[in-house]
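Here are the chains, one letter per residue:
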Amino acid sequence: MNYDVIGFAREELEKYLKILNVNAQIELGLFEKFGEYIEVEDSSKDDAYIISIKDKNGFIAGSNQRSVIFGVYRLLEEWGITWVRPGPNGTKYPEKCEAVDVEIREAASNRNRIMCIEGAVSFENVLDMIEWMTKVGFNGYYIQFTNGYVFFDRWYSHMKSTVKQPEPISQEQATEYVEIMTREIKKRGLLLHRMGHGWHCRAFGVPDAGWYQYDDKDIPKEYVEICAMVDGVRKCWNNRPLQTQLCYSNPYVIEKMTDEVLNYALEHPETDAIYFWLGDGGQFCECEECSKLSKTDNYINMVDVITRKLKEHNVKSQVIFSGVARGVPEKKWIENTENCMLMFAPINRTMAYTFPENYDYDTTMPKYDLKKNERPKTSAEYFSFLYHWKKVYKGEVIDFDYHLMWDFMLDAGGEDIARVAHTDIKNCDNLGVNGYISCQLQRNAFPSSIAMTAIAKTMWNSNTDFQDMRRKLYVATFGEDAVDALCEYFGTLSNCFKMGVIRDQVPYNSQEVMDSMQLAIKVMDEFGKVIDAHLDMKDPCQKDSWMYLKHHRVMYSLIAESIYERLCGNYEKANELKDQAIHYGFVHEDEVQPVLDTMFFSRMMNERINLANPDMDPPPLF
């Protein structure tokens, strides 16, 4: 289906001009319509726009249709609108629009700027995200699995909730949601990324909906016979197909999996990129045939077959594959690198340190026991792999990263993780990485959207000034009068809640952490007066922002008390306080739902507060 993307851009422009009460005459189109150009490598992939407005008359031109939309939203920003966060009351409008003259010529610093579905989501949450991410310059959305069921299921079943009863949804409902999401993505001219997990299940009729454990009756005997042989046994490990590897040297497995990708691409021509991954577990096949090649070679062999089949059928979808941390291929290569992209996914890295500025460290590639599913622990180790990959692979590389997936919830102020993400994206270009996929919780603006905004702004312009961006966002989110106090408040909380310390990833002094928690408790207690004074603000966006901050203060005060008691050795009291924070979030979930993934808050507070090893050896600096 063809979409009138520029027509939608015009509708958006007219809608917001009406809200701003501005009468303007602005033409929209591609560069050639106006005889104006910004040089880009590939106009279908690279986003750029020219905005030329004087006395509320002029034009917005783009290198492609979605760039015209980006230009529209950028003009509206120049005229006073701030896209604060996804969801209800997420946009801040100026009290009075000043329709200033605008002359902007910009091209995105990164070609690929992708949002990836994760967490627990309602249908409304993902539609809100698709709308918001376009306004701040993301150019693609990645829907994992066949229909993203696992993410919807987490929300509608109210997983881990201490209050709500399950409201199960079906696979058919999830499929319907994804069909509507696809239309919304394409209506905006965005890139559609699909699949990834589950090819080794889907190709053989085995459930691939998520990381679920199934009954024996749901796992066919024929499937078990092609599972990886480990210690002489073939089996579906823990009855979790998604975490089971197959016998990837088996011609039948290779043909079925690669044909499944081809057939999917032919049936879904609207898909711009298809992710091809193996199972999530570390139990790779040890049979005689599989052992003739490395784990990476067996994988790359299938990637090569897929890209060849897609090229033979004139399929334009790009293949995105992962493999950096499994070693560099030695005998198998990818012939059609123009049709694929290497996914750099440093999933086990610490967020306590940023990426290095360049390859100025020991590039010796580390060795891991893949049978034990060992993986790199630091960015340096991951980049050692990438350094060697880039010697044999000359195609595009993209960072698939997790800044807003797990550890960020330990950063109460939200500013440390925002700075890490900002710096990482700035450094990507020097490291040979062209773009970023944010694998993140969709509900992610608690206490503010500073990290999401930093990611969006820096992807578009790697020279974005963090402090300037931060202040402008806080002014729009909370109001001018409290911005200095908020900068100090959030900064103090981030300094007190150090992600690497809380996770035992960096050395720490127990007494210093206890002092930090006491300071955080004191600061949050005193700031309660400031919050209370702003709860009746007239602006809907700012009123909600202060309401969210009220709940945030209560929850993280309890977490600070819990950490303090934990370090005192009062584990029972610490767990009681932590449980109170989690329960409070679930009790008030209807109020905070658009900005906080309460299910993951529960998980992270239970799984990632460690603080058990203050005398650990210092890790590398990144």
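Since this is a predicted model, take the numbers as computed values, not measurements.

A. Representation of the side chain of T91 in the model. Turning to its location among the elements, T91 is positioned in strand β5 (residues 91-92). Owing to a relative accessible area of 18%, T91 belongs among the buried residues under this scheme. In contact with T91, other than residues within four places in its own chain, are I81, T82, W83, K135 and C541.

B. Fine view of the sheet that holds strand β7 (residues 112-116). With respect to topology, eight strands assemble into a closed barrel ordered β7-β8-β9-β12-β13-β14-β15-β16, the strand pairing being parallel. When the angles between neighbouring strand axes are averaged without regard to direction, this sheet yields 25 degrees. Contacts from helix α10 (residues 295-312) reach β12 (273-276), β13 (318-322) and β14 (340-344) within the one sheet, and its direction differs from that of β13 by about 175 degrees.

C. Expanded view of the sheet that holds strand β1 (residues 25-30). One open sheet holds the four strands; their spatial order is β1-β3-β2-β6, and the pairing between them is mixed. In this open sheet, the two edge strands, each paired with only one partner strand, are β1 and β6 (102-107). The sheet shows a mean angle of 10 degrees between the axes of neighbouring strands, taken without regard to direction. In this sheet, strand β3 (residues 57-62) lies alongside β1 in parallel orientation, the contact comprising six bridges. In the sheet register, L28 faces β3, and the bridge partner there is I60. Here helix α3 (residues 65-78) sits on the sheet in contact with β1, β2 (48-54), β3 and β6, set at roughly 45 degrees to β2.

D. Expanded view of the packing of aromatic side chains. Going through the model one piece at a time under the given rule, you end up with 39 aromatic pairs. For the ring pair F31 and Y37, a centre distance of 6.2 Å and an interplane angle of 75 degrees mean the geometry is edge-to-face. Since its relative accessible area comes to 4%, F31 is described here as buried. Here Y37 falls in the partly exposed class, since its relative accessible area comes to 49%. Members of the aromatic cluster, connected to one another through ring pairs, are Y142, Y275, W277, F400, Y402 and W406.

E. Quick peek at unusual backbone geometry. Following F446, the chain continues into P447 via a peptide bond in cis, with omega recorded as 20 degrees. Along the chain, P447 falls in the loop between β16 (435-439) and α13 (450-460). The phi dihedral of N89 is positive, around 55 degrees, even though this residue is not glycine. The class for N89 is partly exposed, based on a relative accessible area of 38%. A positive phi is found at K160, a non-glycine position, where the angle reads about 70 degrees.

F. Representation of empty space enclosed by the protein. Evaluation of the coordinates by the stated rule reveals five cavities of 30 Å³ or more. The volume enclosed by the largest cavity comes to roughly 160 Å³. Lining the largest cavity are 19 residues, and of these F408, D411, N444, F446 and P447 lie nearest its centre. Elements supplying a minimum of two residues to the lining of the largest cavity: α13 and α18 (540-567). Residues of the lining of the largest cavity, tallied by class, amount to 13 nonpolar, four polar and two charged. A volume near 70 Å³ is recorded for the second largest cavity. Along its surface, the second largest cavity is lined by P86, G87, N125, D128, Q442, R443, N444, A445, M452, P594 and V595.

G. Local environment of the pattern of salt bridges. Within the structure shown, the criterion is met by 35 salt bridges. Taking the shortest distance from any N to any O, the salt bridge between K15 and E12 comes out at 3.1 Å. Here the residue K15 and the residue E12 both occupy positions in helix α1 (residues 5-20), the gap between them amounting to three residues, near one helical turn. Each of E41, D46, R111 and E396 takes part in a single network of salt bridges with overlapping partners.

H. Geometry of the packing of helix α12 (residues 415-428) against α13. Their axes nearest at 8 Å, the elements α12 and α13 cross at an angle of 15 degrees. It follows that α12 is roughly parallel to α13 by the angle criterion. Handedness of the α12/α13 crossing: right-handed. In this structure, α12 uses I417, A418, A421, H422, I425 and K426 to contact α13, whose residues at the interface are I450, A451, A454, I455, T458 and M459.

I. Inspection of the environment of Y474 at higher detail. The topology assignment puts Y474 in helix α14 (residues 466-478). In this structure the C-alpha to C-alpha distance between Y474 and L486, which are twelve residues apart in sequence, comes to 7.6 Å. For Y474, the contacting residues outside a window of four places in its chain are E415, S448, I450, G479, V483, C487 and F490. Here E415 takes part through its side chain, which lies 2.7 Å from a polar atom of the side chain of Y474.

J. How the structure looks around the environment of D216. Along the polypeptide, D216 turns up in the loop between α7 (199-202) and α8 (221-224). In this structure D216 comes out as exposed when scored by relative accessible area, which is 57%. Sequence-wise, D216 and N239 are 23 residues apart; in three dimensions their C-alpha atoms are separated by 7.1 Å.

K. Here's a closer look at the nonpolar core. Counting residues in hydrophobic clusters, the biggest one holds 203 residues, and the most contacted among them are W79, Y141, M257, F276, F400 and F497. Among the elements that take part in this core, α18 stands out by supplying eleven residues, more than any other. Apart from the residues lying within four places of it in its own chain, the contact partners of F276 are W199, M257, V261, Y299, M302, V303, I306, V319, I320, F321 and S322.

L. Quick look at helix α9 (residues 251-267). For α9, built from 17 residues, the straight-helix expectation of 24 Å at 1.5 Å per residue is met to within 8% by its first-to-last C-alpha distance of 24 Å. Looking at α9, one finds that the buried residues are V253, I254, M257, T258, E260, V261, L262, Y264 and A265.

M. Region of interest: the state of the cysteines. Applying the stated criterion across every chain yields a total of zero disulfides. Here C287 stays free of any disulfide, with the sulfur of C285 as its closest cysteine sulfur at 3.6 Å. Its relative accessible area of 9% is what places C287 among the buried residues.

About the cut-offs
Residues numbered from 1 in each chain as written. Predicted model: local features only at pLDDT ≥ 70, side-chain atom pairs only at ≥ 80, totals over all residues. Heavy atoms only, no water. Helix = DSSP H or I, 4+ residues; strand = E, 2+ residues; numbered from the N terminus. Buried < 20%, exposed > 50% of the residue type's maximum accessible area, 1.4 Å probe, protein only. Contact = heavy atoms within 4.5 Å. Pairing = 2+ DSSP bridges. Axes fitted to C-alpha atoms, helices over the stretch in contact; angles between N-to-C directions. Phe/Tyr/Trp six-rings, centres within 6.5 Å; stacked < 30°, edge-to-face > 60°. 1 Å grid on protein atoms, 1.4 Å probe; cavity = no way out; pocket = protein on both sides within 12 Å on 5 of 7 lines; lining within 4 Å. Points joined across faces, edges and corners; volume = space filled by probe spheres on them. Nonpolar A, V, L, I, M, F, W, Y, C, P; charged D, E, K, R; others polar. Salt bridge = Lys/Arg side-chain N within 4 Å of Asp/Glu carboxyl O. Parallel < 35°, antiparallel > 145°, perpendicular 65-115°, else oblique. Left-handed = near helix turned anticlockwise from the far one by under 90°. Polar contact = N/O pair within 3.5 Å; in protein donor to acceptor, adjacent residues only side chain to side chain. Core = buried A, V, L, I, M, F, W, Y, C linked by side-chain atoms within 4.5 Å. Expected span 1.5 Å × (residues − 1). Disulfide = S-S within 2.5 Å.

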